[in-house]
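Given next are the chains, with one letter for each unit.
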Amino acid sequence: RGKVIRSSDLIRAARLDGTFYEEVKANTTSTVSALGVVALVALAHGAGGFVRAVAFKRDPPAEGFLIGVQGEIVFWVGSSFAIYLIGRYLLGSAATYGQVLRPAGFAAVPGLLIFVAALASLVSGQVVVFAVLISWRLATSFVAVERALEVGRAKSAVARGWVDPGGWSRDCRECFQAPRMARGS
């Protein structure tokens, strides 16, 4: 496993393979691969932000790209840390930060399709695409948290819910908004 992101790993993560998330948790060399997944998702977010910025003329394209990239990486690091703290100090998990960070990185796999949602927004189809992506990403992150914390399903759901009660709310706000008119129109 280690430093290479294999397509079979992405597929296993996307299919909610709990055994895969346990393997990633235990393998300290998979941190780089998890970062790679998050970086790819961040680029997809950036590309989606760029497309939306150009299409709807609401922000400078470079700003849309940077916000998309930054948001994903900051969200991964921050939410993983919050889940670690909640799991460790409130729910009694023995997991380390790295053991939460790695599965959470692979749980971002559905975000690779965020660019498709940005393209769908050009034809007002983003609601359907985002409903699927949000549900899928919540499911992958739930399995990742459950396997990382090892405190049971109910407690894992609590940890996941405390970090982002709206579930992937950072993206929901942006993508369900109607496109604004161009500046100066």
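Residues numbered from 1 in each chain as written. Predicted model: local features only at pLDDT ≥ 70, side-chain atom pairs only at ≥ 80, totals over all residues. Heavy atoms only, no water.

A. The arrangement of the side chain of Arg102 in detail. For Arg102, the position within the fold is in helix α5 (residues 97-106). For the buried Arg102, no salt bridge exists, and the shortest N-O distance to an oppositely charged side chain is 11 Å, to Glu150. (Helix = DSSP H or I, 4+ residues; strand = E, 2+ residues; numbered from the N terminus. Buried < 20%, exposed > 50% of the residue type's maximum accessible area, 1.4 Å probe, protein only. Lys, Arg positive; Asp, Glu negative; His and termini not counted. Salt bridge = Lys/Arg side-chain N within 4 Å of Asp/Glu carboxyl O.)

B. Geometry of a nonpolar patch on the surface. Together, Phe81, Leu85, Tyr89 and Leu90 give the surface a local cluster of nonpolar side chains, amounting to about 430 Å² of exposed area. In this structure Leu90 comes out as exposed when scored by relative accessible area, which is 58%. (Patch = residues over 30% accessible without salt bridge, like charges linked within 9 Å, V, L, I, M, F, W, Y side chains within 5 Å. Areas by Shrake-Rupley, 256 points an atom, 1.4 Å probe, with all protein chains shown as cover.)

C. Geometry of the confidence of the model for the protein. In this model, the protein carries an average pLDDT of 81, and 83% of its residues clear a pLDDT of 70 or more. Contacts from residues 165-185, a stretch scored under 50 in pLDDT, to residues over four places away or in other chains number 46 contacts. (pLDDT = per-residue confidence, 0-100. Contact = heavy atoms within 4.5 Å.)

D. Up close: unusual backbone geometry. Here the phi dihedral of Leu16 falls at roughly 65°; this positive angle occurs in a residue that is not glycine. Tracing the chain through its elements places Leu16 in the loop between α1 (7-14) and α2 (18-26). Look at Leu16 and you get partly exposed, because its relative accessible area is 34%. Positive phi, close to 55°, is recorded for Glu150, a residue that is not glycine. On the secondary structure map, Glu150 appears in the loop between α7 (126-149) and α8 (153-163).

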